[in-house]
Amino acid sequence: MKTLIEALLKRALDALPEELVPTASRAVGIEVQGTRDAQHGDFASNLAMRLGKATRRNPRKVAEALLAALPKDGAIAKVEIAGAGFINFFLSADAYSEEIGKVLAQGEAYGRSDLGAGRRVQVEFVSANPTGPLHVAHGRHAAFGASVSNLLEAVGYAVHREYYINDAGRQMDILALSAWLRYLERCGERFTFPSNAYVGEYLIAVGEQLFAAEGMDLRRPAAQVFEGLPPDEPQGGDKDVYIDALMSRARVLIGEAAFQRVLRTALDGIVGDIREDLGEFGVTFDCWFSERSLSDSGAIDRSIEVLKHSGHTYSKDGALWFKSTDFGDEKDRVMVRENGVKTYFASDIAYVLNKLERGYEHLLYIWGADHHGYITRLRAALIALKGQPERFEVLLVQIVSLFRGGEKAKMSKRSGDYVTLRDLRKEVGNDAARLFYVMRSNDQHLDFDMELAKSRSNENPVYYIQYAHARVSSVMRQLKDRGLAHDLSHGIAWLGNLKEPQEQQLIKRICAYPEVLKVGAAQRAPHSLVYYLRDLANDFHTYYSAHQFIVEDAGARDARLDLALATQIVIRNGLKLLGVSAPETM
RNA sequence: GCGCCCGUAGCUCAGCUGGAUAGAGCGCCUGGCUACGAACCAGGAGGCCGGGGGUUCGAAUCCCUCCGGGCGCACCA
């Protein structure tokens, strides 16, 4: 509808005489927007005011000329000039009836568009370290990333969802050690668990698993394991010295091959758990990308060579540096440390190169806000690798604070007593969790109140929206119970007769859905879809309370039921993009 | 100190690339079930859009500055 009006205005503009609006002034963009006030019609354009500014002419005069040149169209009932020079468009009843017909005919497909023209977008999100179960902040990343991906897909992008598994580096060694120690406990060894190891309960299960697979083969006496190690948690000392010594000891005692087996078992267990957790949450990925695979395949070395060849590196203090300051970074970054070990950043560079080589036209990263300092250096690497910076985009998700009825929940990852995503899902349900997570803009801190999310009251938008959907089903059940039928096309033909303000409002809202998706996708703003669905549900509940659907007159009845069904379709489609179910009964 | 995010009704937040009298939910006050589900609806009170400059026909929106809050500034991952 909006595009139609834009096209009409374009033709009107082209038809204006040169002396009124010189070609040079015509470059202003044609903007059409939905109006807030029904008095101003359905859509309005500020084109005349922009042209007036460019040509130093009275905007209302320009508007009159545009109006005269505007082609006639059946969808437009009336056009008028208002205010400082707004051109207001009033749609015909037919145009709306037709659109409602489209909703009913297209069903699940309604609202989708090909705006993205099949362009390939890669969205990387969650990517939590595989050292334990996901917690509530990861839940926000998952819900947000999935919803943004779904929105992009709905408007015609070919979306590739990816999870980057940080399965390389020192933290993996600590993970393997922790798992092995749990295994030793299972074997019956007794000792004090290192303060720096991963203490979460989930590794006890891994220890159990190792015990089942390895039997007593990897058991070593605790006395032997801990003999002669530096103290853990020394006063003012370095705890890492202790854990490093312990890891070396483990490798010596069971051998590198066994150590890697332990690591593999722990990693597979945790990644499997994460995958299952996200799957239950309705969040799936096209690819789980292993960081380790980058070093194994030589991709890291290769990306370093590429940067060396293009002259963006130098050696200093025994380390190899990337000159990110050439691309706006505040300081250069180390890729290979003095001790020869590559940094995490080196992996990320290789990963960027990998993504570019896979041919994605757009790279979307979803990160925690605490990683914002990382954006510049990664963009720098991307540019140095000949990627186009405008195709690189990072969305930052602000922190989540968990509340229980107004009281802030303690979150301590160290002690392992933090609330996991699984706990949260179990307590408030997937639907409420998905919706609450994306209700706020991603750059807004989120206060997640579990009591509120659980409450079945009108404080909770989840049920408000779902209730509207269930109510439609209920009306249709009622219709059947009364032995009445519903004639869909008869209703469409009758739609023009629906003149109640609540009906007009609802029709207008339903028809706005495709535009909501376009804007929501462009802005990467799933919360705008939540707001829209709430408004739509509100319009429906209002209508429901004001008028009967199942009335004597068959025409009015069919038309009203069409409207109810169209509402239901849009709610269902919208909720699906957000990963929320649309129940028939509640 | 530097960088990013936030500051809008009592509370939690929308407000699209500047647009026509600033919106919603909750909370508060009044009402509404012998008709399709009251997990609902109708009405009301409540706002120098953090302060001050600037750009513009027009600023909550853009620019500058100050104030207040959050998060970052590793040869860690």
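**Observations regarding the pattern of salt bridges**
Thought 1: A complete count under the given rule lists 34 salt bridges for this structure.
Thought 2: One salt bridge in this structure joins Lys102 and Glu99, with 3.9 Å as the shortest N-O distance. Of this pair, Lys102 and Glu99 both sit in helix 4 (residues 93-106), three residues apart, which is roughly one turn of that helix.
Thought 3: Of the charged contacts, one joins Asp326 and Lys323 as a salt bridge, the two residues approaching to 3.9 Å between their closest N and O atoms.
Thought 4: The partly exposed category is assigned to Asp326, whose relative accessible area is 41%.
Thought 5: Overall, Lys323 belongs to the partly exposed group, its relative accessible area being 29%.
Thought 6: When salt bridges with common partners are traced through the structure, they connect Arg404, Glu427, Glu451 and Lys454 into a single cluster.

**Considering unusual backbone geometry**
Thought 1: A positive phi angle, close to 50°, is found at Ala117, a residue other than glycine.
Thought 2: Along the chain, the position of Ala117 falls in the loop between helix 4 and strand 5 (120-124).
Thought 3: Even without glycine at this site, Asp317 takes up a positive phi of about 55°.
Thought 4: Structurally, Asp317 can be placed in the loop between strand 8 (313-316) and strand 9 (319-322).

**Considerations on the pairing of strand 9**
Thought 1: Of the two faces of strand 9, both are covered, the one formed by Ala319 and Trp321 as well as the one formed by Leu320 and Phe322.
Thought 2: Direction of pairing for strand 8 relative to strand 9: antiparallel, over a ladder of four bridges. The residue of strand 9 that forms the bridge with Ser315 is Leu320.
Thought 3: Linkage of strand 8 to strand 9, two consecutive antiparallel strands, is achieved through a turn of two residues, within which Asp317 is found at a positive phi near 55°.
Thought 4: Taken together, the three bridges between strand 9 and strand 10 (residues 333-336) define a ladder with antiparallel strand orientation. Following the sheet pairing, Trp321 is matched in strand 10 by Val334.

**Topic: the packing of helix 6 (residues 170-187) against helix 10 (residues 256-280)**
Thought 1: At a minimum axis separation of 8 Å, helix 6 and helix 10 run at an interaxial angle of 95°. As far as their axial angle goes, helix 10 and helix 6 are roughly perpendicular. Seen from helix 6, the contacting residues are Met172, Asp173, Leu175, Ala176, Leu177, Ala179 and Trp180; seen from helix 10, they are Phe259, Val262, Leu263, Ala266, Leu267 and Ile270.

**Overview of the protein's contact with RNA strand B**
Thought 1: With respect to spatial proximity, 61 residues lie near RNA strand B, and among them Asp37, Arg337, His372, Tyr464 and Tyr467 are the closest.
Thought 2: A breakdown of the atoms of RNA strand B within 4 Å of the protein gives sugar and phosphate a share of 67%.
Thought 3: Within the contact set of RNA strand B, a sugar or linking oxygen lies 2.5 Å away from a side-chain nitrogen or oxygen of Tyr531.
Thought 4: Elements represented by at least two residues in the surface near RNA strand B include exactly helix 2 (47-55), strand 4 (86-91), strand 9, helix 18 (461-481) and helix 22 (526-546).
Thought 5: Of the residues that constitute the surface near RNA strand B, the class distribution is 21 nonpolar, 24 polar and 16 charged.

Reading the values: rules and limits
- Residues numbered from 1 in each chain as written.
- Chains lettered and ligands numbered in written order.
- Predicted model: local features only at pLDDT ≥ 70, side-chain atom pairs only at ≥ 80, totals over all residues.
- Heavy atoms only, no water.
- Salt bridge = Lys/Arg side-chain N within 4 Å of Asp/Glu carboxyl O.
- Helix = DSSP H or I, 4+ residues; strand = E, 2+ residues; numbered from the N terminus.
- Buried < 20%, exposed > 50% of the residue type's maximum accessible area, 1.4 Å probe, protein only.
- Pairing = 2+ DSSP bridges.
- Axes fitted to C-alpha atoms, helices over the stretch in contact; angles between N-to-C directions.
- Parallel < 35°, antiparallel > 145°, perpendicular 65-115°, else oblique.
- Contact = heavy atoms within 4.5 Å.
- Near = heavy atom within 4 Å.
- Polar contact = N/O pair within 3.5 Å; in protein donor to acceptor, adjacent residues only side chain to side chain.
- Nonpolar A, V, L, I, M, F, W, Y, C, P; charged D, E, K, R; others polar.

The values reported here are purely geometric and, on their own, carry no functional implication.
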